[in-house]
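So you can see what is in the structure, the chains are spelled out below.
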Amino acid sequence: MGRPRGFDEDEAVRAAVGLFGRQSFAGTSVDDLVSHLGVHRGSLYKTFGSKRGLYLAALRQHVDRDVAAAAEVFAATTGIDAAVHRIATAGPDLGLLLLALVERAPVDPEVAVETSRALARLRDARADLDQALGLLLRTRAIGPAPEFVGE
Amino acid sequence: MAHVRIEGGDLIVEIEGLNKVWALKSRITVPLTNVRGATVDPGIMGEPKGVRSPGTHMPGVIVAGTFHSGGERIFWDVRDARKAIVIQLEDEQYARLVLEVDDPHAAVDLIEHAL
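Thresholds applied
Residues numbered from 1 in each chain as written. Chains lettered and ligands numbered in written order. Predicted model: local features only at pLDDT ≥ 70, side-chain atom pairs only at ≥ 80, totals over all residues. Axes fitted to C-alpha atoms, helices over the stretch in contact; angles between N-to-C directions. Helix = DSSP H or I, 4+ residues; strand = E, 2+ residues; numbered from the N terminus. Parallel < 35°, antiparallel > 145°, perpendicular 65-115°, else oblique. Left-handed = near helix turned anticlockwise from the far one by under 90°. Contact = placed C-beta atoms within 7 Å. Nonpolar A, V, L, I, M, F, W, Y, C, P; charged D, E, K, R; others polar. Buried ≥ 20, exposed ≤ 12 C-beta atoms within 10 Å, placed from the backbone. Pairing = 2+ DSSP bridges.

An unreviewed UniProt entry lists chain B under the name Bacterial Pleckstrin homology domain-containing protein, with Actinoplanes auranticolor given as the organism.

Enquirer: In this structure, what is going on with the packing of helix α1 (residues 9-23) of chain A against helix α6 (residues 95-103) of chain A? I would like to understand it.
Expert: When two helices pack together, their arrangement is captured by the angle between the axes and the distance separating the axes. Residues and elements named next belong to chain A. Contact pair α1 / α6: the axes reach a minimum separation of 8 Å and the direction vectors enclose 50°. As judged from the angle between their axes, α1 and α6 are oblique. At the point where α1 passes α6, the crossing takes the left-handed sense. Contact residues: V17, F20, G21 and R22 in α1; G95, L96 and L99 in α6. When its residues are assigned to classes, the contact of α1 with α6 shows 4 nonpolar, 2 polar and 1 charged.

Enquirer: Quick question: what am I supposed to make of the pairing of strand β2 (residues 10-15) of chain B here?
Expert: Residues in a regular strand project their side chains so that they alternate between the two faces of the sheet. Residues and elements named next belong to chain B. Only one face of β2 is covered, namely the face carrying L11, V13 and I15; the face carrying D10, I12 and E14 is uncovered. Where strand β1 (residues 2-7) folds back on β2, the antiparallel hairpin that results is connected by 2 residues, among which G8 adopts a positive phi of roughly 50°. Strand direction decides the pairing type here: β2 and strand β3 (residues 27-31), joined by 5 bridges, are antiparallel. Within β3, the position partnered with V13 by the bridge is I28.

Enquirer: How do you make sense of the environment of D66(A) when you look at a structure like this?
Expert: Residue and element names in this part refer to chain A. Mapped onto the secondary structure, D66 falls in helix α4 (residues 51-76). Distance from D66 to K46, taken between C-alpha atoms, is 26 Å for residues 20 residues apart in sequence. Those residues in contact with D66, other than ones at most four positions away along the chain, are P92, D93 and L94.

Enquirer: Got a minute to help me understand the sheet that holds β1(B) in this structure?
Expert: Strand pairing within a sheet occurs via backbone hydrogen bonds; the two strands may be parallel or antiparallel. Residues and elements named next belong to chain B. Within the open sheet, the 3 strands sit side by side as β1-β2-β3. Their pairing is antiparallel. Lying at the two open borders of the sheet, with one neighbouring strand each, are β1 and β3. Strand-to-strand, the axes of this sheet are offset by a mean angle of 15°, without reference to chain direction. Sitting on the sheet, helix α2 (residues 104-114) touches β1 and β2, and the angle it makes with β1 is about 25°.

Enquirer: Teacher, can you tell me more about the interface of chain A and chain B here?
Expert: At the junction of the two partners, chain A supplies 11 residues and chain B supplies 14 residues. Residues belonging to the side of chain A that touches chain B are distributed by class as follows: 2 nonpolar, 5 polar and 4 charged.

Enquirer: Just checking my understanding: could you explain the packing of α1(A) against helix α2 (residues 30-37) of chain A for this structure?
Expert: All names here are of chain A. The contact between α1 and α2 brings their axes to 10 Å, and the two run at 135°. Comparing their axes, α2 and α1 come out oblique. Crossing handedness for the pair α1 and α2: right-handed. Touching A12, A15, A16, L19 and Q23 of α1 are D32, L33, H36 and L37, all from α2. The class makeup of the residues in the contact of α1 with α2 is 6 nonpolar, 2 polar and 1 charged.

Structure, rendered in structure tokens:
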């Protein structure tokens, strides 16, 4: 591919996971990416082709790392509330997956492939995934349920 | 202002209006296999443009023509930064095209979905 180096690609993608996971795809400008990733605009385009190219790289990394880690928490924790509470307080942050499901999966088939991969992975760990996703969304919006705080 | 369309496996960019004169190029054809992606990027107007080859640069007003920056050739045709898109190429004369289009989101979707 003849990719330029001079920056840590893995680290830049990691930072993009955080940014897209907080601000969404549409809400993250190239200016945001350039200032948070420590990558020049030219290198960003040369390496990833487009903002969407970087987004797909970030989503793939997110599924392989964060979603895989969340699946482990799900598998290791019995109660659904306790599992969601653990993820909400100790991570991994699933912000990118949650936003991707709503914002990009319905309009971008390549994103849908990744979110389906993520859901399959989580469902393997947890049969009551849909309920867990609902709780994750609510927790993201209003914080962890009070009955679990300080657990 | 530029118009972009996809035709038979090629991306075709047509420059219209006065910019056409300043940019000294009215049509750019690139096989889709050499297109890496497209992005809505209003902020790119704030970047250093590099050294100008034939074309015109009236700072703050219009950027049109071929620029050399960091060993790359970049084609610019932008007057209104809010409508700027960036098309990244490979194995082409230009490393990327920075264009003003009527509907940036539609143009970017058209290109990204064709890849």
